[in-house]
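# Coordinate analysis (summary)
These are the residues of each chain, in order.
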Amino acid sequence: MATITGVLARPTGYSGVWGWITTVDHKRIGVLYGVTAFIMLLIAGSEAGIMRAQLAQPDSTLVGPETFNRLFTMHATAMVFMVIMPLSASFFNFVVPLAIGARDVAFPRLNAFSYWVFLFGTLLMHASFLVGQVPDAGWFSYANLTSSAYSPNDGLDFWALGLLVLGVSSVAAALNFMVTIINMRCPGMNMMRMPVFIWMTLITSILLVLAFPIITVGLVELVMDRNFGTHFFDTAGGGDPILWQHLFWVFGHPEVYILILPPMGVVSEILPTFSRKPLFGYPIVVFSGIVIGFMSWAVWSHHMFTTGMGPTALTVFTITTMLIAVPTGVKIFNWIGTMWGGSIDLKTPMLFAIGFISLFIIGGLSGVSHAVAPSDFQQQDTYYIVAHIHYVLFGGSIFGILAGIYYWFPKLTGKMLGERMGKWNFWLTFVGMNLTFFPMHFVGMNGMPRRIYTYGEEFGWGYLNALSSLGYVVLFIGMLLFVINLIQSLRNGRAAGHDPWDAPTLEWSISSPPPAYNFAEIPRVEGRDPYWTTKRRTEAAGLPVAGPEAHVDPETIHMPSPSYWPAFLAVGVVLIAAGLLTHYSLSFVGGVIALLGTIGWSNEPAAAPQSQH
Amino acid sequence: MAHPAEHAIEETTTGLSHRKMLMWIFLGSDCMFFAALIATYMVYRGQSINGPYPIDIISVPITTISTFVLLCSSFAMVQALAATNRDDQRGIRIWLMATALLGAVFIGFQIFEFNAFKNEGLSLGTNLFGATFFTLTGFHGAHVTLGIIWLLGMFVLALKGRLGPATSLDVEIVGLYWHFVDIVWIIIFTLLYLIGGFDAGPAALPGG
Amino acid sequence: MSSSHQTEQGHHPSFKQYALVAVILFAITIVEFFAIYPDPDLIGAAKIPVLFILSAIKFAIVIMFYMHLKFDNRMFTILFLAGLALAFAVGIAVLGMFVALGGSPRAFASANAVPYEEGEHGAEHAKPTTVPLPTVPPAVTTPTESAAPDVDATTAPEPVAEPAGESGAAASMEIGTNGDALEFSASSLSAASGSSVTLTFTNGSSVNQHNWVLVQNGTKDAVATDGTSAGPGADWIKAGDERVVASSKLLDPRASEQVTFTAPAAGTYQFVCTFPGHNFTMFGDFEVK
């Protein structure tokens with residue numbers, strides 16, 4: 001293989017498109033994730049817009065039922081797997097090494113590989129649009145609607161194989177971040193001194209690594225039922241569709257905590273900064289996160305209360321689900337405690353963070369009402385559930401992510417996002433979000449089922465649905481302002497400096513944007529909020545406030561060299577999946593590429609002797 | 001004699017190697033994967049509505065032999081690591097190849113068994129036993145096969161003299177993977193053959 | 001061969017120790033083999049715990065010695081055991097859900113499974129499925145059981161029950177259900193007008209109650225709707241419903257009943273189960289000649 005790598009030598013530069021394709025720099029990979037996920041946000045958001053247009057009036061004929069099925073399936077699948085998760089991954093990538101005082105992640109090439117597999121998996125799933133065979137069985141695709149008898153086209157195969165590929169990306173990234181966080185913290189940063197965002201990243205990564213294998217098995221069994229004549233989920237063959245539900249939700253419930261814990265971590269960073277006060281009850285917040293991680297495995301069947309599991313199961317899962325609300329509530333009290341008595345600075349990141357808390361409380365309350373099985377019997381599969389989902393995932397995850405974007409954008413780009421437009425963005429999004437989703441509690445309790453493409457006038461749901469659709473318009477404008485803000489600020493935003501917020505954590509001690517090597521000298525910390533400590537000490541000593549760490553000659557610091565093998569191997573992986581949809585020979589080609597890629601990766605000459613893989 | 005495998009090559013917070021940590025976490029994750037496949041098998045035990053049923057075609061004696069073969073391969077693997085640590089180049093090559101060969105023999109037994117079952121009318125779509133059996137043992141076999149390819153790659157490195165005490169971590173990591181595949185087989189053998197191998201059709205089931 | 005030696009983090013087992021582990025692994029496997037072969041019931045009910053314990057020992061010694069976990073940093077043990085423990089717990093929980101369900105799948109298999117004819121192994125004796133499996137949504141007749149709740153012999157596909165002789169004296173016929181599916185075992189029946197029909201209806205389901213109601217053509221859904229209002233005490237049939245020609249009582253699972261009636265004027269009729277919701281898939285045609 002030396003000859004191959006000799007012909008196409010290991011890249012050394014950062015420039016141009018090739019620089020982006022071969023990058024192993026965590027900051028760049030964070031940007032790649034963020035941009036891709038944001039484009040997916042716009043696509044999935046448009047799908048929502050079409051649905052809201054269709055549902056705005058009774059007996060509407062804007063889109064037919066088949067199209068509507070595809071819309072809600074792809075909207076949800078994309079939002080969960082191709083928007084929120086990669087946006088969180090974008091933060092993991094950008095922030096984690098900076099906040100723990102490291103120069104990169106433990107496995108930079110594996111990091112790049114995760115991104116490319118994510119991109120190709122997203123493209124694979126959306127290739128279904130190109131061939132007109134789009135997944136349409138809902139984002140959790142219950143058996144046996146998904147059998148080849150009832151879903152004869154390839155849509156569900158695109159869905160299953162696309163998710164299998166995305167799973168590879170997520171697990172690879174999670175493995176990487178686990179090792180990074182455990183093994184690459186700077187001297188003095190023991191576990192209880194790590195920023196809470198790092199803790200949440202660690203717990204999320206543990207959940208990812210342990211949960212994805214379960215859905216992998218479920219997806220494999222689904223593909224086998226659809227294509228290889230098995231009867232895993234087919235009653236007539238002795239199988240049980242409920243098994244799919246169990247496999248999906250044993251993964252699916254940890255998955256929703258995977259979706260919410262990172263934004264909770266973001267909020268836990270922002271609140272102290274803008275309250276000018278350390279996080280209240282740091283050990284409790286950390287411990288609550290750990291408890292949530294553990295308990296997320298014990299509640300999955302609350303998604304299945306209406307499947308006839310029997311009173312024992314109903315009771316057990318009602319109790320565990322109610323219990324898991326406790327650590328979440330504890331966090332909320334700690335966040336409020338952080339703000340209490342603090343000197344609140346209502347900048348845009350803080351607005352979104354406070355918005356997160358209020359909206360997540362509402363979503364959590366509806367969640368608690370679902371926890372009680374008999375009440376869930378009424379709520380299941382109605383718009384009440386849709387309301388809950390969107391309060392926790394939009395009001396929760398997305399608001400947390402938007403908060404994080406406003407917070408760390410200056411660090412990434414050296415420019416501030418416009419504050420005035422940020423406030424407009426926030427308020428319109430906040431109002432729009434509530435206007436869209438709050439009415440859904442009522443139509444849901446009134447019996448409006450989810451996933452229906454239209455409804456009759458006689459149900460009386462028209463007024464509230466119209467309100468929801470109006471809310472979407474407000475949301476749309478709010479998010480449009482966000483995009484405008486991004487573009488304008490990138491062009492000529494106010495210069496940010498290295499520490500625009502007077503923040504407590506290490507990433508603010510280096511320049512904005514950070515140099516490629518992050519830290520000229522690996523920092524040594526003595527407690528939590530290390531940069532606040534440094535700054536206060538400097539002030540107390542009467543010295544001028546510390547500027548960013550001075551840059552040094554990058555040549556003196558060895559960084560992992562770029563590599564094309566991650567993208568190459570990712571092509572192999574996705575071709576294996578694509579071949580299963582088209583011709584097996586394509587899978588074979590993919591396998592060969594994957595094998596060559598693995599060999600090439602392993603034998604790649606390092607740019608310097610001590611390079612790690 | 002120094003054992004660099006004990007110490008991280010790079011500076012790390014815990015002093016442990018990144019790659020070794022990665023492999024152990026990955027193996028923990030793989031436990032979940034096999035747990036889901038095994039759970040599917042266990043849930044569907046006795047649910048097949050037509051034969052062949054396990055008792056009709058499972059051969060415990062033959063599979064016991066293949067189990068021995070796999071256990072031997074684990075022994076060969078630890079010998080390969082020991083040889084690496086003491087810089088016994090010839091030993092490294094012999095034991096790595098022995099591990100790969102024994103693994104290949106095990107796969108040979110699997111192929112023979114799958115074929116025999118197919119000839120007796122059991123395939124993936126025949127019944128739930130076929131579905132769960134072939135899926136579980138098939139994925140295990142795929143893990144073994146990937147391991148064999150990895151071992152052959154290591155053998156090539158050994159031929160080039162690139163394996164030795166300084167690179168024993170590489171051998172240790174493939175060893176961890178290989179032993180894991182072996183212990184998964186221990187569970188599969190017990191559940192599907194020693195216990196489940198005698199599952200008969202419905203008349204023999206309690207309440208059937 | 002290297003001898004045992006110490007390093008900072010613990011010792012490496014020697015060749016002899018590795019070989020000893022291998023011998024133990026082989027020995028345990030041999031014990032396991034003879035515990036169940038050739039006589040699977042040699043140690044009776046102790047088989048399962050004994051085999052579990054023995055394989056757990058094998059599992060543990062490979063991990064501890066071959067994978068070196070006993071001598072390595074505890075971090076690795078924590079990382080691996082976390083995954084293993086969770087896998088175990090979740091696996092048991094999922095299994096518990098199905099055992100606790102105690103319901104349909106197991107009963108379905110017991111009710112519908114076909115014994116495998118042991119004999120010469122060979123392709124000509126082994127059919128991929130002896131029960132044709134429906135691949136298309138409802139109203140496809142699959143023959144499973146007819147009268148008897150025990151599964152011994154499955155009757156061959158019989159979409160039409162034998163009509164009585166044309167002379168129209170007395171006719172008898174049987175109809176059941178497709179196991180637990182919401183379907184009758186036949187989709188059409190016939191009789192000669194004026195003949196005295198004795199129909200034996202067997203509820204082959206293990207969980208559902210069913211009835212068999214002969215109604216005027218095209219009225220099955222309306223009769224069922226009215227029957228819902230009538231309630232279970234009325235066997236889900238409206239009292240005095242003129243559209244009903246004949247009906248059985250509401251049968252519990254596995255119960256059976258004979259319905260005797262005179263076949264009405266020639267024409268097409270329908271039969272249906274009026275248990276709420278069943279009428280959508282559980283119906284058929286009754287031709288009177």
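None of the values given here were measured: they were computed from a predicted structure.

## Let's talk about the overall build of chain B
Along the backbone of chain B there are six helices and zero strands. When the elements of chain B are put in sequence order from the N terminus, they spell out α-α-α-α-α-α. For the C-alpha atoms alone, the extent of chain B along its principal axes is close to 65 × 35 × 25 Å. Buried positions account for 60% of the 208 residues belonging to chain B. Sequence separation of at least 24 residues holds for 82% of the intrachain contacts in chain B that already meet a minimum separation of 6.

## Structural notes on the overall build of chain A
For chain A, the count of helices and strands is 18 helices and zero strands. Its C-alpha atoms give chain A a radius of gyration of 24 Å, near enough to 25 Å, the size a compact globule of 613 residues would have. The buried share of chain A, reckoned over its 613 residues, is 57%.

## Let's talk about the nonpolar core
Among the nonpolar cores identified, the biggest contains 291 residues, and Val165, Met178 and Ala403 of chain A are the most heavily contacted of them. Examining the composition of this core, we find that 22 residues originate from one element, helix α4 (residues 65-99) of chain A, more than from any other. Structurally, this core is a two-domain feature, drawing no fewer than three residues from each of domain 1 (1-23 + 560-613) and domain 2 (25-559) of chain A. Other than its neighbours up to four places away in sequence, alanine 403 of chain A contacts Val266, Val267, Ile270, Pro349, Phe352, Ala353 and Phe356 of chain A. Residues Ala171, Phe184, Leu189 and Tyr269 of chain C belong to the second largest nonpolar core, which totals 29 residues.

## Here we look at the environment of leucine 123 of chain A
Of note, leucine 123 of chain A is situated in helix α5 (residues 108-130). A C-alpha to C-alpha distance of 14 Å links leucine 123 of chain A and glycine 579 of chain A, two positions 456 residues apart in sequence.

## So, the sheet that holds strand β5 (residues 244-247) of chain C
Residues and elements named next belong to chain C. Within the open sheet, the five strands sit side by side as β2-β8-β7-β4-β5. Their pairing is mixed. Because the sheet does not close on itself, it has two edges, and the strands there are β2 (188-191) and β5. Sheet twist, expressed as the mean angle between neighbouring strand axes with direction ignored, is 25°. Looking at chain direction, β2 and strand β8 (residues 283-288) are connected through four bridges and run parallel. Along β8, the bridge assignment pairs alanine 191 with valine 288. Packing against the sheet, helix α5 (residues 220-230) makes contact with β4 (213-216), β5, β7 (267-272) and β8, and its axis sits at approximately 35° to β7.

## Let's talk about the confidence of the model for chain A
Residues and elements named next belong to chain A. In this model, chain A carries an average pLDDT of 93, and 96% of its residues clear a pLDDT of 70 or more. Confidence drops under a pLDDT of 50 for residues 1-7, and excluding neighbours within four residues, the segment shows eight contacts in the predicted structure. Within the model, the stretch residues 608-613 combines pLDDT values under 50 with nine contacts to residues more than four positions away or in other chains.

## Description of helix α4 (residues 89-119) of chain B
Residue and element names in this part refer to chain B. Counted at 1.5 Å a residue, the expected span for α4 with its 31 residues is 45 Å, and the 45 Å between its end C-alpha atoms agrees. Residues of α4 that are buried: Ile92, Trp95, Leu96, Thr99, Ala100, Leu102, Gly103, Phe106 and Phe117. Looking at the buried side of α4, the elements it contacts are α2 (54-57), α3 (60-85), α5 (128-159) and α6 (168-195). Immediately beyond the C-terminal end of α4, within one or two residues, lies glycine 121, with a positive phi of roughly 100°.

## Section: unusual backbone geometry
With an omega of -5°, the peptide bond running from alanine 143 of chain A to asparagine 144 of chain A counts as cis. In this fold, asparagine 144 of chain A is placed in the loop between α5 and α6 (155-183). In this structure, the amide linkage connecting tyrosine 37 of chain C to the following residue, proline 38 of chain C, adopts the cis form with an omega of 0°. Structurally, the position occupied by proline 38 of chain C is in the loop between α1 (15-36) and α2 (47-66).

## Overview of the pairing of strand β3 (residues 196-202) of chain C
With six bridges connecting them, strand β1 (residues 170-175) of chain C and β3 of chain C associate as parallel partners. Looking across to β3 of chain C, one finds that alanine 170 of chain C is bridged to serine 196 of chain C.

## Some details on the environment of threonine 190 of chain B
Relative to the assigned elements, threonine 190 of chain B resides in helix α6. Taking the C-alpha atoms as reference, threonine 190 of chain B lies 23 Å from glutamate 120 of chain B; in sequence the two are 70 residues apart. Not counting chain neighbours up to four residues away, the residues in contact with threonine 190 of chain B comprise Ile195 of chain B together with Leu51 and Ser55 of chain C.

## A few points about the packing of helix α11 (residues 348-371) of chain A against helix α13 (residues 383-413) of chain A
All names here are of chain A. Where α11 meets α13, the closest approach of the two axes is 8 Å, and the angle between their N-to-C directions is 160°. Of the possible angle classes, the one that applies to α11 and α13 is roughly antiparallel. Two packed elements cross with a definite hand, and for α11 against α13 that hand is left-handed. Its residues assigned to classes, the contact of α11 with α13 shows 16 nonpolar, eleven polar and no charged.

## Focus: helix α1 (residues 18-43) of chain B
The periodicity of an α-helix, 3.6 residues per turn, causes residues three or four places apart in sequence to face the same way. Counted at 1.5 Å a residue, the expected span for α1 of chain B with its 26 residues is 38 Å, and the 38 Å between its end C-alpha atoms agrees. In terms of burial, α1 of chain B is a largely internal element, 26 of the 26 residues being buried.

## Quick look at the packing of α6 of chain A against α1 of chain B
At their nearest, the axes of α6 of chain A and α1 of chain B sit 10 Å apart, and the two run at 130° to each other. Classified by the angle between their axes, α6 of chain A and α1 of chain B sit oblique to one another. You can see that α6 of chain A and α1 of chain B cross each other, and the crossing is right-handed. Contact residues: α6 of chain A offers Val171, Leu175, Met178, Val179, Ile182 and Asn183 of chain A, while α1 of chain B offers His18, Met21, Leu22, Ile25, Phe26 and Ser29 of chain B. In the contact of α6 of chain A with α1 of chain B, the residues fall into nine nonpolar, three polar and no charged.

## Comments concerning the domain arrangement of chain A
Residue and element names in this part refer to chain A. Domain annotation for chain A reports domain 1 (1-23 + 560-613) and domain 2 (25-559). Each of domain 1 and domain 2 was reduced to a C-alpha centroid, and the two centroids are 29 Å apart. Facing the 20 residues of domain 1 at the interface are 23 residues of domain 2. Sorting elements by how many residues they give to the side of domain 1 that touches domain 2 places helix α17 (residues 565-581) first, with twelve residues. Partitioning the side of domain 1 that touches domain 2 into residue classes produces 16 nonpolar, four polar and no charged.

## As for the sheet that holds strand β6 (residues 256-262) of chain C
Residues and elements named next belong to chain C. Read across the open sheet, the three strands follow the order β1-β3-β6; overall the sheet is mixed. Each edge of the open sheet carries a strand with a single partner, namely β1 and β6. Averaged over all neighbouring strand pairs, the angle between strand axes comes to 20°, with direction disregarded. Two elements, β3 and β6, share seven bridges in a ladder whose sense is antiparallel.

## Here we look at the confidence of the model for chain B
Taken residue by residue, chain B gives an average pLDDT of 90. The fraction at 70 or more is 92%. Scoring of the predicted complex yields 0.83 for pTM and 0.93 for ipTM.

Parameters at a glance
- Residues numbered from 1 in each chain as written.
- Chains lettered and ligands numbered in written order.
- Predicted model: local features only at pLDDT ≥ 70, side-chain atom pairs only at ≥ 80, totals over all residues.
- Helix = DSSP H or I, 4+ residues; strand = E, 2+ residues; numbered from the N terminus.
- Buried ≥ 20, exposed ≤ 12 C-beta atoms within 10 Å, placed from the backbone.
- Contact = placed C-beta atoms within 7 Å.
- Rg over C-alpha atoms; globule rule 2.2 N^0.38 Å.
- Core = buried A, V, L, I, M, F, W, Y, C linked by C-beta atoms within 7 Å.
- Domains from an automatic or database assignment.
- Pairing = 2+ DSSP bridges.
- Axes fitted to C-alpha atoms, helices over the stretch in contact; angles between N-to-C directions.
- pLDDT = per-residue confidence, 0-100.
- Expected span 1.5 Å × (residues − 1).
- Parallel < 35°, antiparallel > 145°, perpendicular 65-115°, else oblique.
- Left-handed = near helix turned anticlockwise from the far one by under 90°.
- Nonpolar A, V, L, I, M, F, W, Y, C, P; charged D, E, K, R; others polar.

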